[in-house]
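What follows is each chain in one-letter form.
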Amino acid sequence: MSVPAMSVEQQIQQLNDARKLVLKDPSHYQQIVQGILPIIGPGARVELRRWGADFLAETFSSPTVPAREKETLAVAVLETIKLMIENEQEDNAVVKSIVQCCASIYPLIFRWIINNSYDRDSWERITAIKSRILRIWDIAVSGVRICCIKFAQRVVLVQTAGPNADPRRDDPLEVSLTMVPPNHPILLPRNLEAESSGLLDRMLGIFQESVSDAVMVDATLNSLSILIRARPQVSGRILNVILSFNPLKQANSPMTPKLRVMVKSMEKTTRMLLMHVNKRDPQGPLAGRIQQYVERMMRSRNEIFDEANRKRGPPESVDGLDPAKRQKLGAQILVPIPKLDIPALKPGSHTIAELFTLKPEPGLEKFDVAVFPEDMVVQLGITILQKLDVNLLNQAVNGVRARFNSLKTAQPELLNAATAPLGIDEDEDDYEPDFFSAEDTEQILNKLDNAPPEEPKVNAPDMALKHFTLPSSPPLTSEEISQISQGTVSRVFEVMQTLEEPGKKSKAGLNRLAASAYDRDAWITLITRIATRSPAGLEEDSDAIKVEANAAALSVCNTIRESLYLYILEDFRKRIDIAIAWLCEEWYNDKVHMKHNPNAILHYEKWVLKVLDGILPYLDGRDKVLTRFLGEIPGLSIDVLSRVKGLCRDPALVQVALTSLLYLVMMRPPSREIALDAFEDIWNTYDDAKPIAAKYLTKWRPGFADRIKGNDDEKKPNGVTAVAA
């Protein structure tokens, strides 16, 4: 009994199951590919051929399949691919996928032929496939032509010399003519290189056409980016052609929406390619030309498209609101605001909800808004107020205000004795004659004594708004202010400890904005401004002395300064910039205060000496932090340089002290004289530093060399010590 043939849908379902299998376990690719070749051949249905072409393209582009296994599979599928690509009546979708597959297997077959020079048949098949693809390049549909450009790019990559390939890597970009031995019987490097050069010219020819196809231009540019990166020897040739290409040349013709999109696409792709080339090699030989080309193209693009978007104004003023004329799109059209109908309240007592309810809704009256959380209610209220029209809000407020005023001025309703209700139920209103005798006074009094007490009358709440004043907090004592301030300062420094060190800083100077960001520098700027530019009440004033002498006097500013000093000394090499910024603020603060009060308290000199005394004991012979500190603080004094001179007592720190002083002589001319004086004191005091100090003094202090020579002559005239007569 014969087995019934399966339908095309059933076969595709089985093929999809096989595809899912190899996606889970790539080790089955060998069996699956060998099994589907008879099913997807040229004689199969077009649905099966489409599936097979897509599967082969996916297989050879998959990174999960090893390169060696891909080489074996590529040799096995060559004959099937050759038959499918040479069929002139083949479906375009099949041809597109087959060309994609060929772009992936060409480097594999090339490497196979390099290692297996006996397999001439495989080389002839791939050569026939290559010839067929190059013939249909210019006549196929756009999708196939894009794939042909990709195939041509792979051929150029393979058939040009590249870097020395590592056989352990499976990168197809490393397959090149460099791997071909000189005496290979099949592959002739000279012929292959000439063919690749011609293919590259053919790819670049699209930039010289008078009318450019934007899709093909973009595809070519995307393919050329790989060639520029992987084959530097042809990058100059490619870039010269691209730099002579003008993607905006078609903008001179009438600008249709389609043409606008095409021109913008070509311009953007060209610009992005050249910008990435410049980014990868900013010192390249063509970097200047590329930068000029990109700038010129951006200006041209702005001029063309801004001019196209700009509309000529009307010859006379048109307000855009005349119904007899076409309204302008940008004109502001006044939308009529609906008038709220807020009914007045009926006489009698009312609740607050009734007062503010503009239009009563029976359903909303039963809804309990307390089920919503408070934060959601607040957020909803803010959103509604932001989107609410101001005029509607004013109408609602005026309506509620009118209701409120009417309640205040309402008179109590006068009762008509003839029509007033008796306060009894209607069921008890029927007349029933009383056949019993009337109660006497004693019985009535007894009933009144036994009756429950009357409930007190509840008066309606007074809804008039009263004046409310929040009571002021008790004043803080000086001890409380000091304690709270110290706690605040300590928390700020705890925050700074958790922040990362900044990578690259911008120097904004003394006028930089404090707390413009949440990084460490912003906090440092903020805390130094609080310490130096203190507001009233945070600093002690003194008219008797100019320099602060009472070290025991505590203030918030001194607390911040002390905390800054300790924070810097914890890691002074990394935080020397904080010390410099703080001392610059102190110096600036002293100068400003001196302008207004010559007897103001000065802080800069005290704290610069204190920071210097804290740093000097921990310096070593390789430290450059002292040179930076002295070079960047705004003011130098003799006391500061005397601390530096003291370093020469340690022979290991002589070079550090002299280098720092030399930097001041060379780079800070206003401080040059006091620095040279410090050099001369070192020369007179410390023997270990004498040679180097004499060298620097001879160069920078005129007459010093003659003075040394004169001293030597006085000591030893003609080789004998001079004796005073």
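Moving on, we get to the overall build of the chain. Within the chain, the regular secondary structure consists of 28 helices and 0 strands. Put simply, the chain has 725 residues, and 35% of those count as buried. Pairs at least 24 apart in sequence give 67% of the contacts found in the chain among residues at least 6 apart. Accessible surface, the chain: about 46900 Å² in total, of which carbon and sulfur atoms supply 55%.

Turning next to the environment of isoleucine 226. Looking at the secondary structure, you find isoleucine 226 in helix α9 (residues 214-230). For the pair isoleucine 226 and glutamine 153, spaced 73 residues apart in sequence, the C-alpha to C-alpha distance is 8.4 Å.

Further remarks concern the packing of aromatic side chains. Counting across every chain of the model gives 11 aromatic pairs. Both rings, one in tyrosine 565 and one in tryptophan 607, keep their centres 6.4 Å apart while their planes meet at 55°; by these two values the pair is tilted. Linking tyrosine 565 in helix α20 (residues 556-570) with tryptophan 607 in helix α22 (residues 604-615), this pair joins segments that are 42 residues apart in sequence. Each ring, one from tryptophan 582 and one from tryptophan 607, has its centre 5.6 Å from the other, and the planes form 55°; the classification is tilted. One end of the pair, tryptophan 582, is in helix α21 (residues 576-596); the other, tryptophan 607, is in helix α22, with 25 residues separating them in the sequence. Tryptophan 582 sits in the buried class, given a relative accessible area of 0%. Aromatic rings pair up to connect Tyr106, Phe110, Trp123 and Phe151 into one cluster.

All right, on to a nonpolar patch on the surface then. A cluster of nonpolar side chains, Phe367, Val369, Val371, Phe372, Met376, Val377, Leu380, Ile384, Leu385, Leu388, Leu393 and Val397, forms an exposed patch at the surface whose accessible area comes to about 1000 Å². Secondary structure elements with two or more residues in the nonpolar patch: α15 (374-387) and α16 (390-409). No other element matches the 5 residues that α15 contributes to the nonpolar patch. Relative to the elements of secondary structure, leucine 380 occurs in helix α15.

What follows concerns the confidence of the model for the chain. The share of residues in the chain with pLDDT of 70 or more is 77%, and the mean pLDDT across the chain is 80. Looking at the elements of the chain, mean pLDDT is at its lowest for helix α17 (residues 441-450), recorded as 65, and at its highest for helix α7 (residues 142-158), recorded as 94. A low-confidence stretch, residues 535-554 stays under pLDDT 50, and its non-local contacts, those more than four residues away or across chains, total 28 contacts. Of the regions scoring below 50 in pLDDT, residues 718-725 engages in 5 contacts with residues more than four places distant in sequence or in other chains.

This part is about the packing of helix α18 (residues 478-498) against α20. Between α18 and α20, the least distance of the axes is 10 Å, while the angle of their chain directions is 25°. Between α18 and α20, the angle falls in the class roughly parallel. Relative to α20, the crossing made by α18 is right-handed. Mapping the contact onto sequence places Ser485, Gln486, Val489, Phe493, Met496 and Gln497 in α18 and Val556, Thr559, Ile560, Ser563, Leu564, Tyr567 and Glu570 in α20. Looking at the contact of α18 with α20 residue by residue, the class counts come to 7 nonpolar, 5 polar and 1 charged.

Attention now goes to the pattern of salt bridges. One pass over the structure, following the stated rule, counts 25 salt bridges. Its salt-bridge partner being lysine 610, residue glutamate 562 comes within 3.1 Å of it at the nearest N-O pair. Of this pair, glutamate 562 sits in helix α20 while lysine 610 sits in helix α22, placing them 48 residues apart in sequence. The partner of lysine 645 in a salt bridge is aspartate 681, and the shortest N-O contact between them spans 3.0 Å. On the criterion of sequence distance, the pair formed by lysine 645 in helix α24 (residues 638-646) and aspartate 681 in helix α26 (residues 672-685) is long-range, its members being 36 residues apart. Assessed through its relative accessible area of 18%, lysine 645 is described here as buried. A residue is classified by how much of its surface remains accessible, and aspartate 681, at 34% relative accessible area, is partly exposed. Through salt bridges with shared partners, a single network forms among Glu673, Asp677, Glu680 and Arg701.

A separate point is the state of the cysteines. This structure, assessed with the given rule, holds 0 disulfides. Its sulfur unpaired, cysteine 147 is 7.0 Å from the next cysteine sulfur, which belongs to cysteine 148. Overall, cysteine 147 belongs to the buried group, its relative accessible area being 5%.

The next point concerns helix α19 (residues 520-532). Taking 1.5 Å of rise per residue, 13 residues should cover 18 Å, and α19 covers 18 Å from first to last C-alpha, within 8% of that figure. Buried residues of α19: Arg520, Ala522, Ile524, Thr525, Ile527, Thr528, Arg529, Ala531 and Thr532, and no others. The elements touched by buried residues of α19 are α18, α20 and α21.

Here helix α5 (residues 92-115) spans 34 Å end to end across 24 residues, near enough to the 34 Å set by a 1.5 Å rise per residue. Taking the largest bend as the criterion, α5 deviates by roughly 40°, centred on isoleucine 105, and proline proline 107 comes between one and four positions later. Of all 24 residues that make up α5, 19 are buried, and the element is covered over most of its length. The opening residue of α5 is aspartate 91, an N-cap whose side-chain oxygen sits 3.1 Å from the backbone nitrogen of alanine 93.

Let us look at the environment of cysteine 147. For cysteine 147, the position within the fold is in helix α7. Between the C-alpha atom of cysteine 147 and that of isoleucine 98, which follows or precedes it by 49 residues, the distance is 9.1 Å. Among residues more than four places away in sequence, those in contact with cysteine 147 are Lys96, Val99 and Gln100.

Along the chain, glutamate 71 falls in helix α4 (residues 67-85). Given a relative accessible area of 4%, glutamate 71 falls into the buried group. Apart from the residues lying within four places of it in its own chain, the contact partners of glutamate 71 are Leu108, Arg111 and Trp112.

Before going further, it helps to examine the side chain of aspartate 119. Note that aspartate 119 resides in the loop between α5 and α6 (120-135). Buried aspartate 119, no salt bridge; nearest opposite-charge side chain is arginine 125, N-O distance 5.3 Å. Polar contacts involving the side chain of aspartate 119 include one to the side chain of tryptophan 112, which spans 2.9 Å. Non-local contacts of aspartate 119, meaning those with residues more than four positions away in its chain, are made with Val75, Trp112, Ile113 and Ile186.

With that settled, consider the side chain of serine 660. You can see serine 660 is positioned in helix α25 (residues 654-667). Its relative accessible area of 1% is what places serine 660 among the buried residues. Leaving out residues up to four positions away in the same chain, serine 660 has contacts with Leu626, Thr627 and Leu630.

Rules behind the numbers
- Residues numbered from 1 in each chain as written.
- Predicted model: local features only at pLDDT ≥ 70, side-chain atom pairs only at ≥ 80, totals over all residues.
- Heavy atoms only, no water.
- Helix = DSSP H or I, 4+ residues; strand = E, 2+ residues; numbered from the N terminus.
- Buried < 20%, exposed > 50% of the residue type's maximum accessible area, 1.4 Å probe, protein only.
- Contact = heavy atoms within 4.5 Å.
- Areas by Shrake-Rupley, 256 points an atom, 1.4 Å probe, with all protein chains shown as cover.
- Phe/Tyr/Trp six-rings, centres within 6.5 Å; stacked < 30°, edge-to-face > 60°.
- Patch = residues over 30% accessible without salt bridge, like charges linked within 9 Å, V, L, I, M, F, W, Y side chains within 5 Å.
- Salt bridge = Lys/Arg side-chain N within 4 Å of Asp/Glu carboxyl O.
- pLDDT = per-residue confidence, 0-100.
- Axes fitted to C-alpha atoms, helices over the stretch in contact; angles between N-to-C directions.
- Parallel < 35°, antiparallel > 145°, perpendicular 65-115°, else oblique.
- Left-handed = near helix turned anticlockwise from the far one by under 90°.
- Nonpolar A, V, L, I, M, F, W, Y, C, P; charged D, E, K, R; others polar.
- Disulfide = S-S within 2.5 Å.
- Expected span 1.5 Å × (residues − 1).
- Bend = angle between axes of the 7 residues up to and from the residue.
- Polar contact = N/O pair within 3.5 Å; in protein donor to acceptor, adjacent residues only side chain to side chain.
- Lys, Arg positive; Asp, Glu negative; His and termini not counted.

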